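# Inside the fold
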Amino acid sequence: QVQLVESGGGLVQPGGSLSVSCVASGRTASGYTMGWFRQAPGKEREFVAAIRWTSGITYYADSVKGRFTISRDTAKNTVDLQMSSLKPEDTAVYYCAGRSGTLLNYYRDSVYDYWGQGAQVTVSS
């Protein structure tokens, strides 16, 4: 069993930067695929980024590629999402997710077993 807890987020102006972090407890995330998803009001939850814990291989949604960076700290058992050049349309609750194994369909929220409680990111002037 893995527990995921997010931190960070907040309010930032368009063009600014912000980060959200997720700590995994209960067991090491080694061998896991970790993902970040987001859900804006009135919209479905969508894939943002994912990382394979062991190899560090990363994946991004086209909408955030070049602006967001996902990374993991194997010593701290954390996965971070660094966001830059933020736009109002990035406003959403950001969720950390995890599942054991190398996921081919890492972009589907239904394949993840573990979820954090979410962190609000608001981009507004």
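Summarised in this report is the structure supplied together with it. Computed from a predicted model, the values in this text were never measured in an experiment. (Residues numbered from 1 in each chain as written. Predicted model: local features only at pLDDT ≥ 70, side-chain atom pairs only at ≥ 80, totals over all residues. Heavy atoms only, no water.)

## Details of the overall build of the protein chain
- Looking only at helices and strands, the protein chain has zero helices and 11 strands in total.
- Ordered by position from the N terminus, the helices and strands of the protein chain form the series β-β-β-β-β-β-β-β-β-β-β.
- Its C-alpha atoms put the protein chain at 40 × 25 × 25 Å along the principal axes.
- Across the protein chain, every contact between residues at least 6 apart in sequence was considered, and the portion connecting residues at least 24 apart equals 57%.
- Within the structure as shown, the protein chain displays about 6200 Å² of accessible surface, and the carbon and sulfur contribution to it stands at 46%.
- Looking at the protein chain, you have 12 positive and 10 negative side-chain charges, and the mean spots of the two groups are 4 Å apart. (Helix = DSSP H or I, 4+ residues; strand = E, 2+ residues; numbered from the N terminus. Contact = heavy atoms within 4.5 Å. Areas by Shrake-Rupley, 256 points an atom, 1.4 Å probe, with all protein chains shown as cover. Lys, Arg positive; Asp, Glu negative; His and termini not counted. Charge placed at Lys NZ, Arg CZ, Asp CG, Glu CD.)

## A look at the pairing of strand E4 (residues 32-39)
- Within E4, seven of the eight residues are buried, which leaves it mostly tucked inside the rest of the structure.
- Looking at chain direction, E4 and strand E5 (residues 46-52) are connected through six bridges and run antiparallel. Along E5, the bridge assignment pairs Gly35 with Ala50.
- Hairpin connection between E4 and E5: a loop of six residues separates the two successive antiparallel strands, and Gly42 in this loop has a positive phi of roughly 80 degrees. (Buried < 20%, exposed > 50% of the residue type's maximum accessible area, 1.4 Å probe, protein only. Pairing = 2+ DSSP bridges.)

## Points about the nonpolar core
- By size, the foremost hydrophobic cluster in this structure holds 40 residues, and its most contacted members are Met34, Trp36, Val79, Leu81, Met83 and Tyr94.
- For this core, the secondary structure elements donating two or more residues are strand E3 (18-25), E4, E5, strand E7 (68-73), strand E8 (78-83), strand E9 (92-100) and strand E11 (119-123).
- For this core, the element with the most residues is E5, which contributes five residues.
- Aside from chain neighbours lying at most four places away, what touches Met83 is Gly16, Ser17, Leu18, Ser19, Val20, Arg67, Phe68, Tyr94 and Val121. (Core = buried A, V, L, I, M, F, W, Y, C linked by side-chain atoms within 4.5 Å.)

## Concerning the side chain of Asn77
- Mapped onto the secondary structure, Asn77 falls in the loop between E7 and E8.
- A relative accessible area of 11% means that Asn77 is categorised as buried.
- In terms of polar contacts, Asn77 uses its side chain to reach the backbone carbonyl oxygen of Ala24, at 2.9 Å.
- Residues within four places of Asn77 in sequence aside, it is in contact with Cys22, Val23, Ala24, Arg27, Thr28, Ala29 and Trp53. (Polar contact = N/O pair within 3.5 Å; in protein donor to acceptor, adjacent residues only side chain to side chain.)

## What to know about the environment of Leu11
- The topology assignment puts Leu11 in strand E2 (residues 10-12).
- You can call Leu11 exposed: its relative accessible area is 64%.
- On a C-alpha basis, the gap between Leu11 and Thr122 in space is 4.7 Å, while along the polypeptide they are 111 residues apart.
- When residues no more than four places from it in sequence are discounted, the contact partners of Leu11 are Thr122 and Ser124.

## Describing the environment of Ser100
- With respect to the helices and strands, the residue Ser100 is situated in strand E9.
- A C-alpha to C-alpha distance of 9.6 Å links Ser100 and Trp53, two positions 47 residues apart in sequence.
- Setting aside anything within four residues of it in sequence, one finds Ser100 in contact with Gly31 and Tyr32.

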